[in-house]
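# Residue-level structure breakdown
Here's the letter readout for the chains.
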Amino acid sequence: MAMNQVVVMPYPARGHLNPLMSLCDLLSSRSDGTTIFTVVVTEEWLGLIGSDPKPDNVRFATIPNVIPSEHGRGSDMIGFLTAVQTKIEAPFEEVLDQLKLPVKLIIADAFLSWILDVADRRNIPVAAYWAMSASMFTMWYHVDLLEQHRHIFVDLSEREEEWIDYIPGLPPTKVADMSPVTREQLHVSPNLIAMMKRVQSLLLPTIYELEHEAVDALRSELNKPIYTFGPNIRQLQPQSHESKSKYMTWLDSKPPNSVLYICLGSFLSVSTSQMDEIAAGLKQSGVKFLWVAKGRLNESFGDEGLVVEWCDQIRVLLHSSVGGFWSHCGWNSVKESVYSGVPMLTFPIFADQPLNSKVVVDDWRNGWKMKKELRRNNLVKRGEIAEIVSRFMDNESVERREMVERVKNLRDVCRVTSTYPQRDFSNFYSS
Ligand SMILES: O=c1ccn([C@@H]2O[C@H](COP(=O)(O)OP(=O)(O)O[C@H]3O[C@H](CO)[C@@H](O)[C@H](O)[C@H]3O)[C@@H](O)[C@H]2O)c(=O)[nH]1
């Protein structure tokens, strides 16, 4: 049989690349052996993920480092977002020119809308990959409704208790649970209505059973194939004793469910003064913690706390000593937490994170809010942190036990789903 290929263009950020690589693993495991999956990344990203294990029929192609580096891009977010929209198209086309096998499909992150013109010129269908939740997709798809109700682009500080109850597939949601969006941000975000008219299909990395209202609403409205494929988490590779990281050995030495894992995102992080409050609050709580925090590496917390620059998050979450996850609520972190059966303390920062936090706290009820006033940059102070953390990690308390029961149920739903990512899914790129 003749060979062909699927070109995969991820958004150059960890929270988008990780699940798209995992999708490639899934597709390649279901492929009949005639398809090569070519993932296009910058040279910098190749250095970061190039040595991760992957199937033989998943390959990388590179473009030069035409966007700001991963290190320090947070200092000019709009500059980074703009470069991704304007600088990648030309080198991406050069990659396409050099490919030997015919390209039957492009899977592109939905934030890269310029890809539609490239694909049109070459007559290649595009499947749009949305890295966030289905709920966030429906919210963003209906940005015109938000505008009609004056729930976006205006000062909402006096109207945070108003309900957004008109978005198809989304349960009533308070204005307070939506990240404020400016028109400037809209310019670097995809126009989903225009995009959905032009793509062949939509790929949602979500657990259908947990988001079926949103997925069903989109299916009836979009009139396009929409595929969900479960938690979309990369499988853990076995780790030898020798290659075990220091933090895993540290976790081994701790009692079950005793450690709070903290990671507040790889994209934007919190202020230095908030980090100071977190450090002091953790000390005061007496709870053991593993904290991903680049700027605090030299701080000593004795044997109670370990700070790392980076860790293998899913491996950490699956460790039996980890009993809680304090997270910024990136969609991948939320799913990894559900998949691992670890309750969450939510601390959303921007974009979809406030809505994800609301889903965790109010709908799935597998977590508590650490940051209550989402739309303000008020500091969460050390005393409050210490109080919530110690209550949250108290394995004897009734409120925690009840939450842990719900977490187990969610985990079971998520694990079952991960074994049958949608029945017809494997065929979507063969047509
Ligand atoms: O020390 C670390 C920190 C993170 N991760 C992984 O990095 C990914 C992070 O993804 P996510 O939790 O989604 O956070 P962000 O990187 O901040 O994700 C961006 O992209 C997501 C998908 O679009 C959005 O939901 C977020 O709001 C946005 O900030 C996850 O797979 C983590 O397991 C690690 O392996 N080790």
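Before any of the text, the structure's been laid out above.
Values in this document were obtained by computation on a predicted structure and should not be read as measured data.

### Points about the overall build of the chain
When its secondary structure is counted, the chain shows 17 helices and 15 strands. Over its C-alpha atoms the chain spans a radius of gyration of 21 Å, differing by no more than 12% from the 22 Å that the globule rule assigns to 431 residues. With respect to the three principal axes, the spread of C-alpha positions in the chain is 60 × 60 × 40 Å. For the chain, the residues scored as buried account for 56% of the 431 residues in total. At a minimum sequence separation of 6, the contacts of the chain that also span at least 24 residues come to 67%. In the chain, 45 positive and 53 negative side-chain charges are present, and the distance between their average locations comes to 2 Å.

### Here we look at helix 6 (residues 134-141)
Each α-helix winds once per 3.6 residues, and so residues spaced three or four apart point in a common direction. Taking burial as the measure, the 8 residues of helix 6 include 8 buried ones, the bulk of the element. Residues of helix 6 that are buried: Ala134, Ser135, Met136, Phe137, Thr138, Met139, Trp140 and Tyr141. Those residues of helix 6 that are buried are in contact with helix 7 (143-148), helix 8 (183-187), helix 9 (192-198), strand 8 (201-204), helix 10 (212-222) and helix 15 (353-364).

### Description of the sheet that holds strand 3 (residues 58-63)
Strands belonging to one sheet form pairs held by backbone hydrogen bonds; the direction of such a pair is parallel or antiparallel. Reading across the sheet, the 7 strands line up as 3-2-1-4-5-8-9 and stay open at both edges, with parallel pairing between neighbours. Edge positions in the sheet fall to strand 3 and strand 9 (226-228), since each has one partner strand and no second. If you compare each strand with its neighbour and ignore which way they point, the axes differ by 25 degrees on average. Direction of pairing for strand 1 (residues 4-9) relative to strand 4 (residues 103-109): parallel, over a ladder of 5 bridges. Residue pairing across strands places glutamine 5 opposite valine 103, the latter belonging to strand 4.

### Quick word on the sheet that holds strand 15 (residues 367-369)
Taken in spatial order, the 6 strands line up as 12-11-10-13-14-15 in an open sheet, and their pairing is parallel. Both outer strands of the open sheet, strand 12 (305-308) and strand 15, are each paired with one neighbouring strand and no more. Within the sheet, the average angular offset between the axes of one strand and its neighbour, ignoring direction, is 20 degrees. Across the sheet, helix 15 is in contact with strand 14 (344-346) and strand 15; its angle to strand 15 comes to roughly 120 degrees.

### Concerning unusual backbone geometry
Despite not being glycine, arginine 150 has its phi angle at roughly 55 degrees, a positive value. Topologically, arginine 150 is positioned in the loop between helix 7 and strand 6 (163-164). Since its relative accessible area comes to 48%, arginine 150 is described here as partly exposed. We note that asparagine 223 has phi near 55 degrees; this positive angle belongs to a residue other than glycine. Along the chain, the position of asparagine 223 falls in the loop between helix 10 and strand 9.

### Regarding the packing of helix 12 (residues 272-285) against helix 16 (residues 382-392)
For the pair helix 12 and helix 16, interaxial distance at closest approach is 7 Å and the crossing angle is 50 degrees. Here helix 12 is positioned oblique relative to helix 16, judged by the angle of their axes. Between helix 12 and helix 16 the crossing geometry is right-handed. When helix 12 is examined against helix 16, the residues Gln274, Asp276, Glu277, Ile278, Ala280, Gly281, Leu282, Gln284 and Ser285 are found in contact with a partner set consisting of Arg382, Gly383, Ile385, Ala386, Val389 and Ser390. Within the contact of helix 12 with helix 16, the residues separate by chemical class into 6 nonpolar, 6 polar and 3 charged.

### Some details on the pattern of salt bridges
One pass over the full model with this rule turns up 23 salt bridges. Its salt-bridge partner being glutamate 161, residue lysine 174 comes within 2.8 Å of it at the nearest N-O pair. In this pair, lysine 174 sits in strand 7 (residues 173-174) while glutamate 161 sits in the loop between helix 7 and strand 6, placing the two residues 13 residues apart along the sequence. A residue is classified by how much of its surface remains accessible, and glutamate 161, at 54% relative accessible area, is exposed. Between glutamate 405 and lysine 408 there is a salt bridge; the shortest N-O distance is 3.7 Å. You can see glutamate 405 and its partner lysine 408 sitting in helix 17 (residues 398-419), 3 residues apart, about one turn around the helix.

Reading guide: rules and limits
- Here the residue numbers are simple positions, counted from 1 along each chain's written sequence.
- With the structure being a predicted model, the display of local features is reserved for residues of pLDDT at least 70 and the display and counting of side-chain atom pairs for 80 or more, all residues being used for whole-chain, interface and lining totals.
- Excluded from the side-chain calculations are hydrogens and water; all other atoms, namely the structure's heavy atoms, are used.
- Strands here are runs of E lasting at least two residues and helices are runs of H or I lasting at least four, both read from the DSSP assignment and numbered beginning at the N terminus.
- Our radius of gyration looks at C-alpha atoms and nothing else; its globule reference is 2.2 Å times the residue count to the power 0.38.
- Relative accessibility decides the category of a residue: with a 1.4 Å probe and only protein chains considered, values under 20% of the type maximum give buried, values over 50% give exposed, and everything between is partly exposed.
- Residues are treated as being in contact if the distance between any of their heavy atoms lies within 4.5 Å.
- The charge count treats Lys and Arg as positive and Asp and Glu as negative. His and the chain ends do not count.
- Charged groups are reduced to one reference atom each: NZ for lysine, CZ for arginine, CG for aspartic acid, CD for glutamic acid.
- Pairing between two strands requires that DSSP report at least two bridges joining them.
- The axes used here are C-alpha line fits, helices contributing only the stretch in contact, and every angle between their N-to-C directions lies in the interval 0 to 180 degrees.
- For classification, angles of less than 35 degrees are called roughly parallel, those exceeding 145 degrees roughly antiparallel, those between 65 and 115 degrees roughly perpendicular, and all remaining angles oblique.
- By convention, the crossing between two helices is left-handed when the near helix turns anticlockwise from the far helix through less than a right angle, and right-handed when the turn is clockwise.
- Under the grouping applied here, Gly and all other residues not named as nonpolar or charged are polar, the nonpolar ones being Ala, Val, Leu, Ile, Met, Phe, Trp, Tyr, Cys and Pro and the charged ones Asp, Glu, Lys and Arg.
- Take a side-chain nitrogen of Lys or Arg and a carboxyl oxygen of Asp or Glu: if they are within 4 Å of each other, that pair is a salt bridge.

Functional significance is not addressed by these values, which are geometric in nature.
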